[in-house]
Amino acid sequence: MLGTQVAQLQQDPPAGLADADTVVAGFDEAMVSGFARVSDEAAAALAALADAVAGTPLGVPVADAVGRVTSGGFGPDDLAVLAGARSALLGAAHDALLDRFDTAVGRDRARWTAPSGAPAEISAASGAAAAWLHEVAVAGWRGVDHELLSAVGSAVEAALAEPRLRRLAVLLDGLAAEVRASLPVATMPQVPARRWADLWTRAVLLAQDRSGPADDVERVSGRLLPLGVDVHEHATAVQVQVHAVLEPSDGGPARLVRTTVAAGKVETITGPAVWRLLAAYPVLLAAVAQRRTVSVTDLPVRGGDLSWCESQVRPGEPADPFATGRVLLAEATAAATAPLDRHPAVIAEPVLMEGYRVRKDGDGLTLERDGESIGVTVERLPAAGPLTPALVAASTSCLGLARWDDGRWWVQPLAVQATVKRAPVEAHNGDWAEGVTDPKVAKAEARAGDAVAVLRERAGRLLRR
């Protein structure tokens, strides 16, 4: 990204963005106290939500749902309508921001095409999830207790038994765990209303999802050139998302794609050790650690998400991600965002920035070029790789993800080229995918012991009893 592109990106926010955020914030605040007894402030917030979508096909059903919620005679279907309206507003904000980004950097984006497939039947598991989410909304975040959170167990178990509902099951389990860790919510000085409402909304819509398996899943073959790795780590799970450029074997235009692999974990497994949980994906780990291409054959792709299958890939030749960024990134076509994923928080667009200066702002960093600046989300740097705030501060080139957060654009580094003690240094989040390469970190890891091996040995001992 050049300074002129950053300037265009950082122009005044799209029209209506602040208004949409205010309406959503009002709904989120209403959920804090719950809908068992709607206050005047909550009623006004719900009315504002209905007004915001009044000119759309959602207008009438949302107005009716708001009336029933306000009067106290509502059910799960009414809450699903309100969740849909909230999601639609955030989806519109997402589209406006993404259009601003595409205009600024000149990125082409494919249009969304709905997959075909026979509608799935309504299941008992979906109904159980919707009923629990309804109880949560009635109680409100400050009214949630251990008994209500424990009740989610049966809904999660039922959803896990249906492959198409496993995403919902994981989301319900994670939401309940996060709220449980905050109990008693009634005494919290500040409830994370936006985050919990985001998770609740997505769960409600997933519980309403009746789409069946797609009949026309696209499959792609070609050469995959990784750009960078985004590591998402929580107490019970780790997910690695590889952003890449795909050169189709049929000679079509290059495409921006991402592929994701994940594994369950325990809280004691952190830092570089999380890579050992992903040993089932040796080709992917080698590609990011050794900076190699991958030849893929008939991999399913949905939008920009490539479904990884080790039996359909093989390692290729070395490829410099920065060279890939300089040569292919500007011309690659980005995928459209699936409807349920349209949210400003999920915007993560690969970018290459070069020739900038780094300015320190307290604990934060800002990249400056041609009189324009953009902040760096150093708090997103994973402990599983060698990339640190100090390396970012010493860098002159950065492969990263453009994100929208807190009302402004940021860059999340995935890799940097820097000069340290007059020597060129290059660091990527995925450099330790096949093992730690920094001697000091490796020595510390050796002293701490292999937590993954210890836990596997203990688990095996328990199973043998």
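See the structure printed just above.
Throughout this description, residue numbers start from 1 for each chain and increase along the sequence as written. For a predicted model such as this one, the threshold for reporting local features is a pLDDT of at least 70, and the threshold for listing and counting side-chain atom pairs is 80 or more; totals across whole chains, interfaces and linings nevertheless cover every residue. Derived side-chain values reflect all non-hydrogen atoms in the structure, with water molecules and hydrogen atoms excluded from consideration.

Please explain the nonpolar core as it appears in this structure.
Within soluble globular proteins, side chains that are nonpolar generally end up buried alongside one another. Membership of the largest hydrophobic core comes to 60 residues, with the highest contact counts inside it found for F35, L82, W132, W141, L172 and W200. At 9 residues, the largest contribution of residues to this core is made by helix α10 (residues 193–208). Only heavy atoms matter for contacts: two residues are in contact if any of them lie within 4.5 Å across the pair. Ignoring any residue separated from it by four or fewer positions in sequence, one finds W132 in contact with L148, L149, A151, V152, L172, L175 and A176. Residue types Ala, Val, Leu, Ile, Met, Phe, Trp, Tyr and Cys, when buried and joined through side-chain atoms within 4.5 Å, form a set referred to as a nonpolar core. Each residue is placed in one exposure class: buried if its accessible area under a 1.4 Å probe, protein chains only, is under 20% of its type's maximum, exposed if it is over 50%, and partly exposed if it falls in between. Judged by nonpolar contacts, the second largest core, of 34 residues, contains L224, V240, L246 and A263. Secondary structure counts use DSSP, requiring at least four H or I residues in a row for a helix and at least two E residues in a row for a strand, with both numbered from the N terminus.

Help me understand unusual backbone geometry, please; the structure alone is not making it clear to me.
Residues other than glycine predominantly adopt negative phi, and peptide bonds predominantly adopt the trans conformation. At the junction of L183 and P184, the peptide bond is cis and its omega measures out at -5° in the coordinates. With respect to the element layout, P184 can be found in the loop between α9 (166–180) and α10. You will see that D406, though not glycine, has its phi angle at about 55°, which is positive. Mapped onto the secondary structure, D406 falls in the loop between β11 (395–405) and β12 (408–420). Look at K421: it is not a glycine, yet its phi comes out positive at around 55°.

Which parts of the structure should I look at to understand the side chain of S397?
With respect to the helices and strands, the residue S397 is situated in strand β11. Apart from the residues within four sequence positions on either side, S397 is in contact with F322, R326, M353, E354, Y356, A415, V416 and Q417.

Looking at this structure, I do not really get the pattern of salt bridges. What am I missing?
A side chain of one charge can pair with a side chain of the opposite charge if their charged atoms are brought near each other. Throughout this description, the term salt bridge denotes a Lys or Arg side-chain nitrogen within 4 Å of a carboxyl oxygen of Asp or Glu. In the structure shown here, the tally under the stated rule is 24 salt bridges. Close ionic contact of D341 with R202 constitutes a salt bridge, the shortest N to O distance being 2.8 Å. Residue D341 is located in the loop between α12 (321–329) and β7 (349–354), and its partner R202 is located in helix α10; the two are separated by 139 residues in the primary sequence. On the basis of relative accessibility, which here comes to 17%, the residue D341 falls in the buried class. Residue R359 pairs with E368 through a salt bridge whose shortest N-O separation is 1.8 Å. Take E368: its relative accessible area is 17%, and that puts it in the buried class.

Take it as geometry only, folks, not as evidence of what the structure does.
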